[in-house]
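Below, each chain spelled out in residue letters.
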Amino acid sequence: MRVLITGGAGFIGSHLADAYLKRGDHVYVIDDLSTGKIENIQHLKGQPRFHYTIDTVHNQPVTAELVDQCDVIFHLAAAVGVKLIVESPVRTIETNVRGTEVVLALANKKKKKVLVASTSEVYGLSSDVPFREDGNLVMGATTKGRWSYACSKAIDEFLALAYWREKKLPTIIVRLFNTVGPRQTGQYGMVIPTFVKQALSGRPITVYGDGNQSRCFGFVGDVVGALVNLMDHNDAVGQVFNIGSNQEISILELARRVKELTQSDSEIVFIPYDEAYEEGFEDMPRRVPDISKVSELVGFRPEMSLEGILKTVIDYQSGRQK
Ligand code: UDP
C-alpha cells in the first residue's frame, strides 16, 4: 500500500510513518516543518520505501501529485499545542480549515480514503465526562483565543462527514486525546515533555492553575496502532472515534510522578493561568474519553502505563532513545 501522511514529520505522523514502513508499505510524507521537525524522520531518509516532501498541503499541485500516487491519506497536518494556538490564532484557523479543504477536495477527485485527525478539544467546556462521540460539543466564547482550535477542528469534522454523505468520499475522523511519547516537544506547551525537561534540568516544574485539572495520557504507539486498524476497517468510514487512554491523573500528581521518576530536585511551582497563557484563559477541568466505540470496532486497548510512558519520554530527552 502507498500511504500519504500530511504532517508526517510531526510527533504522531513520524511514528505512523514508522509503523507503515515496518509493515512493508510505502510512505509519502508532506510537512512544512512549521511544528514538525526533520530530526523526527532523519532515521527514515535512507529507506527506499520512504519519500518526503517539505512543503505545505496548501500547495495544491504538489499535494495533488502526492494524492495521485497514494492509496490512502492520513491528514495530520495542523496547528498544535494550546500555547501556539493562543499566540497565533490566525495561523491556527487558516492552517486547520484551509489545509483540510485542500486535502479533502483533492482526495475526492480520486476517491482516496482519508482519515482526518481531530482533537478532544472539540468537547470544549462539556462536563459530560467521559466524552462520547455523539455527545454535545460546548464551545467557549469567540473572544477566548483557545476555542478557535476546537472550532476549526469541528469545521474539519463537518467537512469530512459532508464529503462522505454527499460525495461518497470515504472519510474517517479520529478525536485524539492527550497523546504523548518520544519526539513530542514541549515547545508548544504540551505538559509531559515540558515537565520532564524541567525536571531533568533542575528548573522549577510549572503547574498551571491549582493542578487539580486532570488529563488522560495515551502512548503514541498505542494511538498509532488504532489509526492503522481504523484505516484498514471498512466499517470505520463515515464515523467519528475517540482515541486515547482513559486513565485519569491530575496535573499536580503528574508533576510529582515526573519529579520522582527523574529523581529531580526541581521544585513544583504554581503559575496562574492568566500568566501562563492569556488573561481570562479557560482550561478544561477534566478530559476523559469513552473509548468503547474504537475498542468494539478494532479491539483498541491502551497498553502502555503512565509510568512506562514517562520512562520513554525521560529516555528520549536524555538521548537514550530515538
Ligand atoms: N500544563 C501545566 N504546565 C505546563 C504545561 C501545561 O500545568 O507547563 C497543564 C495545562 O494547563 C493543562 C494540562 O497541563 O491543564 C495539559 O496541557 P497540554 O497543553 O499538554 O494539553 P491540553 O491542555 O490540550 O489537554
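Look up a bit, the structure's there.
Overview of the structure. This one's a predicted model, so the numbers in the text were calculated from it and none came from an experiment.

Focus on unusual backbone geometry
Of note, the bond from Val-129 into Pro-130 is cis; its omega dihedral lies within 30 degrees of zero at 0°. Along the polypeptide, Pro-130 turns up in the loop between strand 5 (113-119) and helix 5 (147-167). In this structure, Lys-168 takes a positive phi of about 60° despite not being glycine. Along the polypeptide, Lys-168 turns up in the loop between helix 5 and strand 6 (171-176).

Observations concerning the environment of Ile-172
The residue Ile-172 is located in strand 6 in this model. For Ile-172, a relative accessible area of 0% gives the class buried. Separated by 85 residues in sequence, Ile-172 and Arg-257 have C-alpha atoms that sit 36 Å apart. The contact partners of Ile-172, leaving out residues within four places of it in the chain, are Lys-113, Val-114, Leu-115, Val-116, Leu-230, Met-231, Ala-236, Val-237, Gln-239 and Phe-241.

A short note on the side chain of Thr-6
Take Thr-6: it is sitting in strand 1 (residues 2-6). Taking relative accessible area as the criterion, Thr-6 reaches 0% and is therefore assigned buried. A polar contact of 2.9 Å, which involves the side chain of Thr-6, links it to the backbone nitrogen of Leu-76. Within polar-contact distance, the side chain of Thr-6 engages the backbone nitrogen of Ala-77 at 3.0 Å. If we skip the residues at most four places from it in the chain, Thr-6 touches Ile-30, Val-57, Phe-74, His-75, Leu-76, Ala-77 and Val-103.

Some words on the site of the ligand
Around the ligand lies a shell of 18 residues, among which Thr-206, Tyr-208, Arg-215, Asp-283 and Arg-287 are the nearest. Within the side chain of Arg-215, a nitrogen or oxygen atom sits 2.5 Å from an oxygen atom of the ligand. Between the ligand and the protein, one listed contact pairs an oxygen atom with a side-chain N or O atom of Tyr-277 at 3.2 Å. If the ligand stood free it would expose 520 Å²; the protein chains cover 95% of that surface. Contributing elements (two or more residues each) for the shell around the ligand: helix 6 (191-201) and strand 8 (205-208). Partitioning the shell around the ligand into residue classes produces 9 nonpolar, 5 polar and 4 charged.

Concerning the pairing of strand 6
Burial analysis of strand 6 places 6 of its 6 residues in the buried class, which makes it a mostly covered element. Residue alternation in strand 6 divides its side chains into two sets, Thr-171, Ile-173 and Arg-175 and Ile-172, Val-174 and Leu-176, and both sets are buried. Where strand 5 lies against strand 6, 6 bridges are found, and the strand directions are parallel. Residue Leu-115 lies in a different strand from strand 6, and its bridge partner there is Ile-172. With respect to chirality, the unit in which strand 5 leads through helix 5 into the neighbouring parallel strand 6 is right-handed. Examined bridge by bridge, strand 6 and strand 11 (residues 240-243) share 4 bridges and lie parallel to one another. Considered in strand 11, the bridge of Arg-175 is made with Asn-242.

Observations regarding the side chain of Ser-266
Inspection of the secondary structure assignment puts Ser-266 in the loop between helix 8 (251-262) and strand 13 (268-271). A relative accessible area of 0% places Ser-266 in the buried class. Engagement of the side chain of Ser-266 in a polar contact is seen with the backbone oxygen of Arg-203, the distance being 2.7 Å.

Here's the deal with the packing of helix 4 (residues 89-110) against helix 5
A pair of packed helices is captured by two measures, namely the crossing angle of their axes and the spacing between those axes. At a closest axis distance of 9 Å, the pairing of helix 4 and helix 5 adopts a crossing angle of 10°. Between helix 4 and helix 5, the angle falls in the class roughly parallel. On helix 5, the residues touching Pro-89, Thr-92, Ile-93, Asn-96, Val-97, Thr-100, Glu-101, Leu-104, Ala-105 and Asn-108 of helix 4 are Ser-148, Tyr-149, Ser-152, Lys-153, Ile-155, Asp-156, Leu-159, Ala-160, Tyr-163 and Lys-167. Here the residues of the contact of helix 4 with helix 5 sort into 10 nonpolar, 6 polar and 4 charged.

Thoughts on the pattern of salt bridges
Throughout the structure, instances matching the rule amount to 17 salt bridges. Arg-146 serves as the salt-bridge partner of Asp-283, at 3.2 Å between the closest nitrogen and oxygen. Here the residue Asp-283 occupies a position in the loop between helix 9 (273-276) and helix 10 (292-298), and Arg-146 occupies one in the loop between strand 5 and helix 5, the gap between them amounting to 137 residues. For Arg-146, a relative accessible area of 3% translates into the label buried. With a shortest N-O distance of 2.7 Å, Arg-175 and Glu-157 are connected by a salt bridge. Of this pair, Arg-175 sits in strand 6 while Glu-157 sits in helix 5, and the two are 18 residues apart along the sequence. Glu-157 gets classed as buried once you look at its relative accessible area, which sits at 6%. One network of salt bridges, with partners in common, ties together Glu-121, Arg-146, Arg-215, Asp-283 and Arg-287.

Rules used in this analysis
All chains use their own residue numbering, which begins from 1 and follows the written sequence. It should be noted that, the model being predicted, local features are given only for residues of pLDDT at least 70 and side-chain atom pairs only at 80 or more, the latter also being counted only at that level, while totals for whole chains, interfaces and linings use all residues. Values reported for side chains reflect all heavy atoms of the structure, with hydrogen atoms and water molecules removed beforehand. Elements are defined by DSSP. Helices are runs of H or I of four residues or more, strands are runs of E of two residues or more, and each kind is numbered from the N terminus. The classification of residues rests on relative accessible area computed with a 1.4 Å probe and restricted to protein chains. Under 20% of the type maximum is buried, over 50% is exposed, and intermediate values are partly exposed. Contacts are assigned to residue pairs with any non-hydrogen atoms lying within 4.5 Å of each other. In protein, a polar contact means a hydrogen-donor-capable atom and an acceptor-capable atom, both N or O and within 3.5 Å, with residues adjacent in sequence counting only if both atoms are side-chain atoms; elsewhere, any N or O pair within 3.5 Å suffices. Put simply, a residue is near a molecule or strand once any heavy atom of it comes within 4 Å of that molecule or strand. Throughout, the Shrake-Rupley method with a 1.4 Å probe supplies accessible areas, and for residues the shown protein chains are the sole cover considered. Residues are grouped as follows: Ala, Val, Leu, Ile, Met, Phe, Trp, Tyr, Cys and Pro are nonpolar; Asp, Glu, Lys and Arg are charged; every other residue, Gly included, is polar. Here a strand pair is declared whenever DSSP counts at least two bridges between the two strands. By convention a crossover is right-handed if, when the strands point away from the viewer, the path from the first strand over the helix to the second runs clockwise. Lines fitted to the C-alpha atoms define the axes, with helices restricted to the stretch that makes contact. Angles between their N-to-C directions range from 0 to 180 degrees. Put simply, angles under 35 degrees are roughly parallel, angles over 145 are roughly antiparallel, angles from 65 to 115 are roughly perpendicular, and the rest are oblique. In the sections that follow, a salt bridge refers to a side-chain nitrogen of Lys or Arg positioned within 4 Å of a carboxyl oxygen of Asp or Glu.

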